[in-house]
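Architecture and fold: a report
Chain by chain, the residues:
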Amino acid sequence: MTDVMRKSVYQIVGTDICVEADDGRKVYDVICEFIKQKQPLILSFMNVNMLTSAFLNTAIGLLYKDFSEQEVKNTLTVEDLSPTDIILLKRVVDTAKEYYKNPEKMEQSVKEILEEE
């Protein structure tokens, strides 16, 4: 059995404030390497004091564009999230899965909503 690696978001990003998509990309790049190698990863949010959907969309949501849901699920485990951040992450993941299933349909829906206003 393969040993599970643990990576700290705080150490990857270098700050306790995780709000920028560019910082999310650093985390995304790390996770991608683990998925490609089929290496289990625990991603710790210990010492992260501020987290936004923009960061999570890039760090984790984007994974569903490039990998199957099963690949992500088999590789990635997250821990040390506050209850509020767990809800935010769930919303990001659910939206990403839905969006990447059919991006054209989602973009058309958004366009139609914006035209109604």
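Only a predicted model underlies this, so the values are computations on that prediction, with no experimental measurement involved.

Section: the packing of helix α2 (residues 21-36) against helix α3 (residues 53-61)
When two helices pack together, you describe them by how their axes are tilted relative to each other and by the distance separating the axes. Close contact between α2 and α3 brings their axes to 7 Å; oriented N to C, the two are set at 20°. One finds that α2 runs roughly parallel with respect to α3. The chirality of how α2 crosses α3 is right-handed. Judged by residue contacts, A21, D23, G24, R25, V27, Y28 and I31 of α2 engage A54, F55, T58, A59 and I60 from α3. Residues of the contact of α2 with α3, tallied by class, amount to eight nonpolar, two polar and two charged.

Looking at the nonpolar core
Within the largest apolar cluster, 30 residues are counted, with the highest numbers of intra-cluster contacts made by V9, I31, F45, F55, L56, I60 and L63. Those elements that provide at least two residues to this core are α1 (9-13), α2, β3 (41-44), α3, α4 (63-66) and α6 (83-101). If you tally residues by element for this core, the top one is α2, at six residues. What L56 contacts, discounting residues up to four positions off in sequence, is F45, L51, G61, L88, L89 and V92.

What counts, and at which threshold
Residues numbered from 1 in each chain as written. Predicted model: local features only at pLDDT ≥ 70, side-chain atom pairs only at ≥ 80, totals over all residues. Heavy atoms only, no water. Axes fitted to C-alpha atoms, helices over the stretch in contact; angles between N-to-C directions. Helix = DSSP H or I, 4+ residues; strand = E, 2+ residues; numbered from the N terminus. Parallel < 35°, antiparallel > 145°, perpendicular 65-115°, else oblique. Left-handed = near helix turned anticlockwise from the far one by under 90°. Contact = heavy atoms within 4.5 Å. Nonpolar A, V, L, I, M, F, W, Y, C, P; charged D, E, K, R; others polar. Core = buried A, V, L, I, M, F, W, Y, C linked by side-chain atoms within 4.5 Å. Buried < 20%, exposed > 50% of the residue type's maximum accessible area, 1.4 Å probe, protein only.

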